[in-house]
Amino acid sequence: MAFNHLPAGVHDALSALSVTPVTDSVPMASNRLPTDAGANPSPGIILDRLARGATRAARITHTEHLPPRPGSHADWPERIRPEVIAALRDAGIDHPWTHQAVTAEHALNGTSVVIATGTASGKSLAYLTPVLSTLLDGARPAATGRLPRERGAPPVGGRGATALYLAPTKALAADQRRAVRELAAPLGDAIRPAVYDGDTPVEEREWVRQYANYVLTNPDMLHRGILPGHPRWASFLRALRYVVIDECHTYRGVFGSHVAQVIRRLRRLCARYGSAPVFLLASATAAEPAEAAGRLTGLPVVEITDDSSPRGETVFALWEPPLTELHGEQGAPVRRTATAETADLLTDLAVQGVRTVAFVRSRRGAELIALIAQERLAEVDRTLPARIAAYRGGYLPEERRALERALHGGELLGLAATTALELGVDVSGLDAVLIAGYPGTRASLWQQAGRAGRSGQGALVVLVARDDPLDTYLVHHPEALFDQPVESTVLDPDNPYVLTPHLCAAAAEIPLTEADFALFGPTTAGLMPQLEAANLLRRRARAWHWTRRERACDLTDIRGQGGSPVQIVETGTGRLLGTVDAAAAHTTVHDGAVHLHQGRTYVVEHLDLADDVALVSEANPPYSTTARDTTAISVLETETEVPWGAGRLCFGSVEVTNQVVSFLRRKLVTGEVLGESKLDLPPRTLRTRAVWWTVTEDQLDAARVNPEQLGGALHAAEHASIGLLPLFATCDRWDIGGVSVPLHPDTLLPTVFVYDGHPGGAGFAERAFHTAGDWLAATRDAIAACECEAGCPSCIQSPKCGNGNEPLHKRGAIRLLTELLRGAPEGAERTERAEGGG
């Protein structure tokens with residue numbers, strides 16, 4: 001098989017990995033695609049076909065069968081308008097599921113409610129039905145307005161009742177607008193949905209403000225556009241009856257804490273204009289949903305968790321790529337990458353005519369999987385490559401919309417996507433989901449898995465493990481996925497790093513008074529003198545005012561990205577290719593970095609930090625690039641500490657200084673290091689929260705860890721503990737960082753730190769502190785269970801290590817963690833389990 005269109009070097013790299021040919025797993029007697037109109041086989045049969053071949057079956061470590069489930073119906077509440085019920089019947093919905101009817105009843109009664117039922121259980125209809133009925137109740141008879149591009153006149157007599165819909169992504173908001181328009185079409189012009197986000201043309205925005213009665217936006221636009229410009233939204237806010245918060249489980253950590261304060265600012269302005277909207281929240285994956293929704297909104301919320309919708313059979317397979325003959329850093333054995341394995345599976349499924357989304361953790365990975373699959377499919381049928389595409393953040397709006405239309409319309413058969421497509425976008429008709437690497441939380445795992453089978457048919461889900469401690473642990477411990485509930489949503493609206501800029505933004509909207517303190521939380525009063533001292537707010541009479549010229553909402557980026565996005569511009573044409581978050585710019589678009597965009601490869605010529613621009617030119621280098629960095633950490637305050645034998649477990653505030661110092665060039669797919677180039681980028685500092693543990697000389701002696709092994713043992717324990725923390729905290733390993741030091745100047749002892757990668761902390765380190773016994777026991781067990789001799793990516797090597805995974809000492813880490821756990825409170829029985837692991 002030839003790979004003529006892949007970037008230079010990919011063909012050789014794939015050959016070196018002994019790529020399983022497509023014909024080894026899927027019969028190709030015909031090179032034509034099975035007709036899309038025919039029914040696809042069951043998910044079990046599809047998996048059996050994927051597992052054909054000499055080595056494929058051995059890669060499946062576990063198969064979980066989720067049986068089908070019948071549904072139960074109810075009647076809509078009597079207060080739902082008959083026109084809405086008729087529209088539902090026109091759409092083929094004669095009766096609601098029981099949980100839909102219960103949710104609608106709460107909404108009509110004025111009770112804020114969160115519906116937390118499974119993916120494809122009809123949550124959208126549960127909140128949309130009472131919203132449409134209420135909008136219809138409040139509609140003016142002559143409301144005939146349409147968007148300017150539809151060449152209609154504005155509605156006569158104003159807009160009546162209004163509703164606001166918040167989505168975490170633009171794709172989801174656009175998808176919901178399409179669904180609302182289709183459902184509300186029989187209701188005429190009484191329902192006027194419109195998207196208001198950064199992609200909305202300027203000429204449409206005034207129409208949306210004046211005449212739309214169902215506005216779909218995101219928290220970013222609410223924070224930067226709607227709330228600061230509230231006088232222009234006065235009629236909308238005055239009539240606001242409902243606020244819908246979709247996919248509410250995504251509002252966690254620092255981002256969730258910011259959104260919680262944005263919602264409090266919205267409630268404050270609504271009260272000023274005389275409205276008190278009901279909040280309707282939805283999530284397919286949430287633990288303790290009422291509690292989480294209450295923290296997010298600041299209001300009491302009723303939860304609906306009994307899912308009465310039917311569900312088709314789901315077959316969920318855990319898939320571990322095989323070891324290759326190659327060796328990586330420090331001579332460690334290397335598994336075939338999840339990227340290459342997922343590209344194989346996507347190709348095989350496309351040949352079977354199985355509609356599939358492959359979720360990939362990185363933008364580059366999504367591009368590469370789509371590219372490899374397209375090339376291989378060209379060998380089968382020249383019409384097939386056009387039916388495979390990549391979808392990720394950073395694309396231009398018109399590119400995203402075109403891909404979404406192609407997916408909805410069935411033109412696309414397979415899509416390699418980042419989490420930009422994870423959240424709620426209706427992709428009914430998908431038969432399979434591939435997940436290239438554990439997405440960081442069980443909530444995200446089930447969210448991605450739920451993209452298939454949304455029309456009630458069976459679904460196949462395959463989790464392809466990366467060569468990573470957590471992924472390796474999970475594919476061999478399926479109970480950690482299938483026998484555990486999804487994680488609790490962690491957010492802290494009272495975090496001063498979060499609250500401070502929102503108090504300034506609120507003061508700029510309407511001067512703050514002491515009557516507002518209860519709304520924003522108990523730490524508000526203590527922050528006001530600090531804001532005055534910093535000349536951010538000025539007190540006049542009984543209120544605090546924002547007095548600066550700049551916009552107060554620009555003090556913070558609610559997604560914690562730390563500045564304006566960096567624009568990626570092609571030097572030869574001046575064409576804008578896309579953007580990258582400011583926080584990621586140092587590691588992804590530094591000078592010399594390789595950047596993939598829609599199947600084309602570019603090399604960064606220069607990163608201009610002053611103007612937030614990365615200049616790139618098209619090229620085909622036979623390598624990828626990986627940044628290396630250095631990190632130092634200092635303790636600012638120890639808030640809590642407990643003895644672990646002679647050692648200590650601590651939690652508190654730290655300052656982290658990080659600097660990208662060089663980048664490695666690695667062969668494509670294999671990851672073999674070709675060379676290293678120095679970089680001159682400024683250091684960045686972060687004040688955050690951390691958990692850390694120390695060990696004494698006596699503990700080191702008991703663990704038989706000598707001075708030559710100490711640095712490697714600590715470093716290995718740090719890597720593995722970061723890799724396992726997502727099992728115990730609602731985080732991804734890229735949300736957290738770590739530092740290990742044989743003699744730290746603040747503790748004067750060997751110390752391992754694990755810290756939140758967000759200003760002020762995100763709650764992950766605190767969760768690690770409170771679950772440290774189980775967390776570190778799982779870490780020790782995962783290292784001990786790995787079959788490698790001296791350490792590998794499956795146990796102690798890290799893909800984000802700034803030191804090239806040097807030094808590392810696997811056996812020393814096991815003995816060190818065993819000795820530490822021996823002194824843990826109530827930790828004796830955990831310690832005995834892996835005593836012989838060293």
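Right, let's get into the overall build of the chain. Counting secondary structure elements, the chain contains 27 helices and 29 strands. Out of the 838 residues belonging to the chain, those deemed buried represent 59%. The contacts of the chain with a sequence gap of at least 6 include a subset with a gap of at least 24, amounting to 74%. Summing over all exposed atoms, the chain offers an accessible surface of approximately 32000 Å²; the carbon and sulfur share of this is 50%.

Our focus in this paragraph is the confidence of the model for the chain. Per-residue confidence for the chain gives a mean pLDDT of 84, with 87% of residues at or over 70. Within the model, the stretch residues 1-38 combines pLDDT values under 50 with 80 contacts to residues more than four positions away or in other chains. When the criterion is pLDDT under 50, residues 827-838 qualifies, and its contacts beyond four places in sequence or with other chains add up to 23 contacts.

Right, let's talk about the pattern of salt bridges for a bit. Under the defined criterion, the tally for this structure stands at 32 salt bridges. A salt bridge links glutamate 105 to arginine 79; the shortest N-O distance between them is 2.6 Å. Placement of the pair is glutamate 105 in helix 4 (residues 98-108) and arginine 79 in the loop between strand 1 (60-66) and helix 3 (82-90), with a sequence separation of 26 residues. For arginine 79, a relative accessible area of 43% corresponds to the partly exposed category. Here lysine 170 ties to aspartate 199 by a salt bridge, and the two come within 3.2 Å at their closest N and O atoms.

A separate point is the packing of helix 23 (residues 707-724) against helix 25 (residues 772-785). Where helix 23 contacts helix 25, the two axes come as close as 9 Å, and the packing angle between them is 110°. As the angle between them shows, helix 23 and helix 25 are arranged roughly perpendicular. By crossing handedness, the relation of helix 23 to helix 25 is classed as right-handed. Touching Ala716, Ala717, Ala720, Ser721 and Leu724 of helix 23 are Trp775, Leu776, Ala778, Thr779, Ala782 and Ile783, all from helix 25. Across the contact of helix 23 with helix 25, the residue classes tally to nine nonpolar, two polar and no charged.

Of all hydrophobic cores here, the largest spans 121 residues; its most connected members are Trp693, Leu725 and Trp775. If one sorts the elements of this core by residue count, helix 23 sits on top with eight residues. If near-sequence neighbours (up to four positions away) are discounted, tryptophan 775 is found in contact with Val691, Ser721, Leu724, Leu725, Phe728, Val754 and Ala768.

A few words now on the sheet that holds strand 4 (residues 193-195). On the basis of which strands lie adjacent, the open sheet formed by seven strands has the order 4-5-3-6-7-2-8 and parallel pairing. For this open sheet the edge positions go to strand 4 and strand 8 (302-304), each flanked by a neighbour on one side alone. Neighbouring strand axes in the sheet, compared pairwise and without regard to direction, differ in orientation by 20° on average. By the bridge criterion, four bridges tie strand 6 (residues 240-245) to strand 7 (residues 278-282) in an arrangement that is parallel. Across the sheet, residue isoleucine 245 finds its bridge partner in strand 7, namely leucine 281. Its contacts with the sheet put helix 4 on strand 2 (113-115), strand 6, strand 7 and strand 8, and the angle it makes with strand 8 is roughly 165°.

Right, let's talk about the environment of lysine 678 for a bit. Summarising the element assignment, lysine 678 is placed in strand 26 (residues 673-678). With 17 residues separating them in the primary sequence, lysine 678 and valine 661 have C-alpha atoms 6.0 Å apart. The contacts of lysine 678, once residues within four sequence positions are left out, are Val661 and Ser662.

Relative to strand 20 (residues 576-580), strand 19 (residues 566-570) runs antiparallel, the two sharing four bridges. Across the sheet, the residue bridging to isoleucine 568 is glycine 578, located in strand 20. Taken together, strand 19 and the strand that follows it, strand 20, pair antiparallel across an intervening segment of five residues, in which glycine 574 is found at a positive phi of about 75°.

Even without being glycine, glutamate 247 reaches a positive phi, approximately 50°. Of note, glutamate 247 is situated in the loop between strand 6 and helix 10 (253-273). Phi angles above zero are rare outside glycine, and aspartate 612 is one such case at about 55°. Along the chain, aspartate 612 turns up in the loop between strand 22 (600-608) and strand 23 (613-618).

Here serine 275 lies in the loop between helix 10 and strand 7. By relative accessible area, which is 10% here, serine 275 ends up buried. Of the polar contacts made by the side chain of serine 275, one reaches the backbone oxygen of leucine 237; its length is 2.8 Å. What serine 275 contacts, discounting residues up to four positions off in sequence, is Leu237, Arg238, Leu240 and Cys270.

For the rest of this paragraph, the subject is helix 12 (residues 338-351). If you check helix 12, its first and last C-alpha atoms are 20 Å apart, about what 14 residues at 1.5 Å a residue would give, namely 20 Å. Burial within helix 12 is extensive, with 13 of its 14 residues counted as buried.

Helix 20 (residues 524-533) packs onto helix 18 (residues 496-509) with a crossing angle of 70° between their chain directions and a minimal axis gap of 10 Å. Classified by the angle between their axes, helix 18 and helix 20 sit roughly perpendicular to one another. The interaxial crossing formed by helix 18 with helix 20 has right-handed handedness. Each of Pro496, Leu499, Thr500, Leu503 and Cys504 in helix 18 lies in contact with helix 20, whose residues at this interface are Thr524, Leu527, Met528 and Leu531. Its residues assigned to classes, the contact of helix 18 with helix 20 shows seven nonpolar, two polar and no charged.

For sheets, the rule is that strands pair by backbone hydrogen bonds, running either parallel or antiparallel. As summarised here, the arrangement of the seven strands in space is 1-9-16-15-12-14-13, forming an open sheet in which the pairing is mixed. Only two strands of the sheet have a single neighbouring strand rather than two, namely strand 1 and strand 13 (388-391). Strand-to-strand, the axes of this sheet are offset by a mean angle of 15°, without reference to chain direction. Bridge count between strand 9 (residues 314-319) and strand 16 (residues 459-464): six bridges; the pairing is parallel. Bridging across to strand 16, phenylalanine 316 finds its partner in valine 461. Sheet strands in contact with helix 15 (residues 442-449) are strand 1, strand 9, strand 12 (356-360), strand 15 (432-436) and strand 16, and its direction is about 145° off that of strand 15.

Now for helix 2 (residues 43-50). If you check which residues of helix 2 are buried, you get Pro43, Ile46, Leu47 and Leu50. Projected down its long axis, helix 2 shows its buried positions confined to an angular sector of 100°, all on one face. Tucked inside the fold, the buried residues of helix 2 contact strand 1, strand 9, helix 12 and strand 16.

Here the focus is the environment of proline 682. Within the element layout of this structure, proline 682 appears in the loop between strand 26 and strand 27 (684-694). Measuring from C-alpha to C-alpha, the distance between proline 682 and asparagine 658 comes to 9.0 Å, with 24 residues separating the pair along the chain. If we ignore the near neighbours within four places in the chain, the residues touching proline 682 are His586, Leu609 and Gln659.

Before going further, it helps to examine the side chain of threonine 356. One can find threonine 356 in strand 12. Take threonine 356: its relative accessible area is 1%, and that puts it in the buried class. Reaching out from threonine 356, the side chain makes a polar contact with the backbone oxygen of valine 354 at a distance of 2.9 Å. Discounting chain neighbours no more than four positions away, the residues touching threonine 356 are Leu346, Leu349, Leu413, Gly414, Leu415, Leu430, Ala432 and Leu434.

What counts, and where the lines are drawn
Residues numbered from 1 in each chain as written. Predicted model: local features only at pLDDT ≥ 70, side-chain atom pairs only at ≥ 80, totals over all residues. Heavy atoms only, no water. Helix = DSSP H or I, 4+ residues; strand = E, 2+ residues; numbered from the N terminus. Buried < 20%, exposed > 50% of the residue type's maximum accessible area, 1.4 Å probe, protein only. Contact = heavy atoms within 4.5 Å. Areas by Shrake-Rupley, 256 points an atom, 1.4 Å probe, with all protein chains shown as cover. pLDDT = per-residue confidence, 0-100. Salt bridge = Lys/Arg side-chain N within 4 Å of Asp/Glu carboxyl O. Axes fitted to C-alpha atoms, helices over the stretch in contact; angles between N-to-C directions. Parallel < 35°, antiparallel > 145°, perpendicular 65-115°, else oblique. Left-handed = near helix turned anticlockwise from the far one by under 90°. Nonpolar A, V, L, I, M, F, W, Y, C, P; charged D, E, K, R; others polar. Core = buried A, V, L, I, M, F, W, Y, C linked by side-chain atoms within 4.5 Å. Pairing = 2+ DSSP bridges. Polar contact = N/O pair within 3.5 Å; in protein donor to acceptor, adjacent residues only side chain to side chain. Expected span 1.5 Å × (residues − 1). Arc of directions from axis to C-beta.

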